[in-house]
2 protein chains.
Amino acid sequence: MARAKISTNTHGPAIRGVDPWTPSAGKMRQFLSEEERARLAVLASIVRLNKGEEIYSEGQRADAVFNIITGVVKAYKTAPDGSEHVTAFLFKDDMFGLSEEGKYTNSAKALTPLALYRFPVPALRRRLAKDADLEFHVICKLLHELRETQRHAFLLARRRALSKVAMFLQLLENLQAGRGERTAEIYLPMNRSDIGEYLGMSLEAVSRAFRGLTTRGIIKSRDRRHLKIADRSTFDEIAADTTNAP
Amino acid sequence: MARAKISTNTHGPAIRGVDPWTPSAGKMRQFLSEEERARLAVLASIVRLNKGEEIYSEGQRADAVFNIITGVVKAYKTAPDGSEHVTAFLFKDDMFGLSEEGKYTNSAKALTPLALYRFPVPALRRRLAKDADLEFHVICKLLHELRETQRHAFLLARRRALSKVAMFLQLLENLQAGRGERTAEIYLPMNRSDIGEYLGMSLEAVSRAFRGLTTRGIIKSRDRRHLKIADRSTFDEIAADTTNAP
DNA sequence: AAATGTGATCTAGATCACATTT
DNA sequence: AAATGTGATCTAGATCACATTT
């Protein structure tokens, strides 16, 4: 893993999410003040990774926590038989590096070229102990992640493939909007197999679901990684569908 | 919701979990010191509820967070078509009352008679702002919950019914052990339908999975809510199985 | 009476095999 | 060459209907 000095044109670590207590119409906001970001930047080194590189793997000693500057990360678990389950896709301003008893509970890999802040755990803990405001903002972010993970579980409980995929696209769209990016087109930074592993379905079923949505005129793909919602109301209906029968 | 004075034989609010950073062989520990528990107790009222009572429902103003003294809580979401998804089962020393923009993100109901600490959110926030140690312990608990929720998602991604149910039983067993209860027999405080809604399968499939495990001599039920693992190695194999083919 | 179990039927999606696209 | 798409086949579990247990 290559490391570099902190570049001058960044503003420091950032964590965003929807506020747990204040109404904000679903808008995500930056939890850290400029000052907090500066104080955190001192602790961090910047790491750059190529697409496909592994950041850490499950069971390794968890000596650092990461914050994404740019790029997309896949967090996943590998079963003994080699099958993978994608725990989360992580984007700009997300934190990752979840551990239990000092060991990472999953693996993490770069889906795109990546720039990360890397925080050694002891330094971060010392900083948190001195800074109640920062701790509070970490709590806000964790509450946000907890809700996201519950949404993931909710999605996985869906029985219909079309519904899972539509809900997944909604999720990506919301995240894009939350990051302030244009939302006319949904961008998929991951491949079909990653999507399948996130949704608990085979990649063939993912492919057929995309076809199904396209055939029915509900989505329109520019290429395999860029698509639009063409029929919003039907799309939303399918995403909300919890049934199994036709 | 009936409220009562704080009784004298309790030691105050408690939150437990596996430490994120210190090796502890999977053992859960109490994150709060006696002093912290006492400081928190001042903020809380005690609420007692009967089995089946609703604690709060999705979308309501989230003005309180709860901590379980005794009993079991079901957190769930209801879809427009009336189908339910169980987000989590919550036990002694768990916190609940997750909110987004000041509104509860799910509903919560008593599965057994319940005693709860109830914390008004503003008082809790003021307390947290003054107490970095307490904040840190809340972070530890949230990290624990985040891992639990990821496990739930992992379980939901399983394709085989037997595997889901076996993994669920493992989970209950671990929680029981973590609470320091005897673990020779697994106790199910919830009904088959709740289990189905947690595992993303029909209650009939749950019933058949129990029968399947019983027929094959892997579990032994005393009654519908008490069972033993009779063949541990086969049980663990089934719980770890990620395949779909026979 | 409500919860749970069980049988019969049906279908969505897994799996396998190969074609097509990037 | 790897990722993706598509067709054919098969089966696990959903659904419906009713029996049994608590």
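What counts and what doesn't
- Residues numbered from 1 in each chain as written.
- Chains lettered and ligands numbered in written order.
- Predicted model: local features only at pLDDT ≥ 70, side-chain atom pairs only at ≥ 80, totals over all residues.
- Helix = DSSP H or I, 4+ residues; strand = E, 2+ residues; numbered from the N terminus.
- Rg over C-alpha atoms; globule rule 2.2 N^0.38 Å.
- Buried ≥ 20, exposed ≤ 12 C-beta atoms within 10 Å, placed from the backbone.
- Contact = placed C-beta atoms within 7 Å.
- Pairing = 2+ DSSP bridges.
- Axes fitted to C-alpha atoms, helices over the stretch in contact; angles between N-to-C directions.
- Parallel < 35°, antiparallel > 145°, perpendicular 65-115°, else oblique.
- Least-squares fit on C-alpha atoms with pLDDT ≥ 70 in both.
- pLDDT = per-residue confidence, 0-100.
- Domains from an automatic or database assignment.
- Nonpolar A, V, L, I, M, F, W, Y, C, P; charged D, E, K, R; others polar.
- Left-handed = near helix turned anticlockwise from the far one by under 90°.

1. With respect to the overall build of chain A
When helices and strands are counted, chain A shows 7 helices and 16 strands. The C-alpha radius of gyration of chain A comes to 19 Å, within 12% of the 18 Å expected for a compact globule of 246 residues. Out of the 246 residues belonging to chain A, those deemed buried represent 39%. Pairs at least 24 apart in sequence give 68% of the contacts found in chain A among residues at least 6 apart.

2. Examining the sheet that holds strand 8 (residues 84-90) of chain B
All names here are of chain B. The strand order 5-12-7-8 describes an open sheet built from 4 strands, whose pairing is antiparallel. The sheet is open, and its two borders are formed by strand 5 (54-56) and strand 8, each paired with just one other strand. Direction aside, the axes of adjacent strands within the sheet are offset by 30° on average. Sheet topology places strand 7 (residues 73-78) next to strand 8; 6 bridges connect them, and they run antiparallel. Looking across to strand 8, one finds that K77 is bridged to H85. Lying on the sheet, helix 5 (residues 192-199) is in contact with strand 7 and strand 8; it crosses strand 8 at an angle near 100°.

3. Here's the deal with the pairing of strand 6 (residues 64-70) of chain B
All names here are of chain B. Along strand 6, 5 of the 7 residues are buried, which leaves the element largely enclosed by surrounding structure. When strand 6 meets strand 9 (residues 95-96), the two strands line up antiparallel, connected through 2 bridges. In the sheet register, F66 faces strand 9, and the bridge partner there is F96.

4. Some details on the interface of chain A and chain B
Buried accessible area, meaning the area lost when the parts come together, often serves as the stated size of an interface. Counting from both sides, the interface comprises 44 residues of chain A and, opposite them, 44 residues of chain B. Counting only elements with at least two residues in the side of chain A that touches chain B, the list comes to strand 8 (84-90), strand 10 (99-100), helix 2 (121-130) and helix 3 (132-156) of chain A. At 16 residues, helix 3 of chain A tops the list of elements feeding residues into the side of chain A that touches chain B.

5. Observations regarding the environment of A110 of chain A
Residues and elements named next belong to chain A. Checked against the element boundaries, A110 lands in strand 12 (residues 107-110). A count of 20 C-beta atoms within 10 Å places A110 in the buried class. Distance in space between the C-alpha atoms of A110 and L146 is 22 Å, their sequence separation being 36 residues. Once residues within four sequence positions are removed from consideration, A110 is found in contact with L49, N50, K51, G52, E53, I55, G71 and V73.

6. Quick notes on the packing of helix 5 of chain B against helix 6 (residues 203-215) of chain B
Residue and element names in this part refer to chain B. Look at helix 5 against helix 6: their axes get within 8 Å of each other, and the N-to-C directions meet at 100°. Put simply, helix 5 runs roughly perpendicular to helix 6. Where helix 5 abuts helix 6, its residues R192, S193, I195, G196 and L199 lie against L203, A205, V206 and S207.

7. Observations regarding the environment of S207 of chain B
Mapping S207 of chain B onto the fold places it in helix 6. Each C-alpha atom, one on S207 of chain B and one on K74 of chain B, is 20 Å from the other, the two residues being 133 residues apart in sequence.

8. Digging into the relation of the copies chain A and chain B
Mapping chain A onto chain B is achieved by rotating through 180° and translating by 0.0 Å along the same axis, at an RMSD of 0.0 Å. The relationship between the two copies is best expressed as a two-fold rotation axis. When each C-alpha of chain A is compared by its distance to the rotation axis, A153 of chain A comes out closest, at 2.2 Å. Most of the interface of chain A is mirrored in chain B, where 100% of its interface residues are also at the interface.

9. Brief notes about the confidence of the model for chain A
Residue and element names in this part refer to chain A. On average, residues of chain A score 92 in pLDDT, and 95% of them are at 70 or above. Confidence drops under pLDDT 50 across residues 1-9; counting only partners more than four residues distant or on other chains, this segment forms 12 contacts. On the interface metric, ipTM, the complex scores 0.91, and its pTM is 0.92.

10. Here we look at the sheet that holds strand 7 (residues 73-78) of chain A
Residues and elements named next belong to chain A. A sheet is described by the order of its strands in space; here 4 strands give the open sequence 5-12-7-8, paired in antiparallel fashion. Edge strands, defined here as strands with exactly one partner in the open sheet, are strand 5 (54-56) and strand 8. When strand polarity is set aside, the average angle formed by the axes of neighbouring strands in this sheet is 30°. Both strand 5 and strand 12 contribute to a ladder of 2 bridges, which runs antiparallel. Across the sheet, the residue bridging to Y56 is A108, located in strand 12.

11. Re the environment of A123 of chain B
Residues and elements named next belong to chain B. Mapped onto the elements, A123 comes out in helix 2 (residues 121-130). Taking the C-beta count within 10 Å as the criterion, A123 has 14 such neighbours and is therefore assigned partly exposed. Separated by 73 residues in the primary sequence, A123 and G196 place their C-alpha atoms 37 Å from one another.

12. Overview of unusual backbone geometry
Of note in the backbone geometry, A25 of chain A takes a positive phi value of approximately 50° without being a glycine. Mapped onto the elements of the fold, A25 of chain A is located in the loop between strand 2 (16-17) and strand 3 (29-30).

13. Digging into the domain arrangement of chain A
Residues and elements named next belong to chain A. Split into domains, chain A comes out as domain 1 (2-154) and domain 2 (158-240). Domain 1 and domain 2 are separated by 25 Å when their C-alpha centres are compared. Counting residues at the interface gives 14 residues for domain 1, matched by 9 residues for domain 2. Contributing elements (two or more residues each) for the side of domain 1 that touches domain 2: strand 7 and strand 8. Classifying every residue of the side of domain 1 that touches domain 2 by side-chain character gives 7 nonpolar, 2 polar and 5 charged.

14. Section: the packing of helix 3 of chain A against helix 3 (residues 132-156) of chain B
Two elements in contact, helix 3 of chain A and helix 3 of chain B, have axes whose closest approach is 9 Å; the angle formed by their N-to-C orientations is 15°. Overall, the two elements helix 3 of chain A and helix 3 of chain B adopt an arrangement that is roughly parallel. Note that helix 3 of chain A runs across helix 3 of chain B; the crossing there is left-handed. In terms of residue class, the contact of helix 3 of chain A with helix 3 of chain B is made up of 18 nonpolar, 6 polar and 4 charged.

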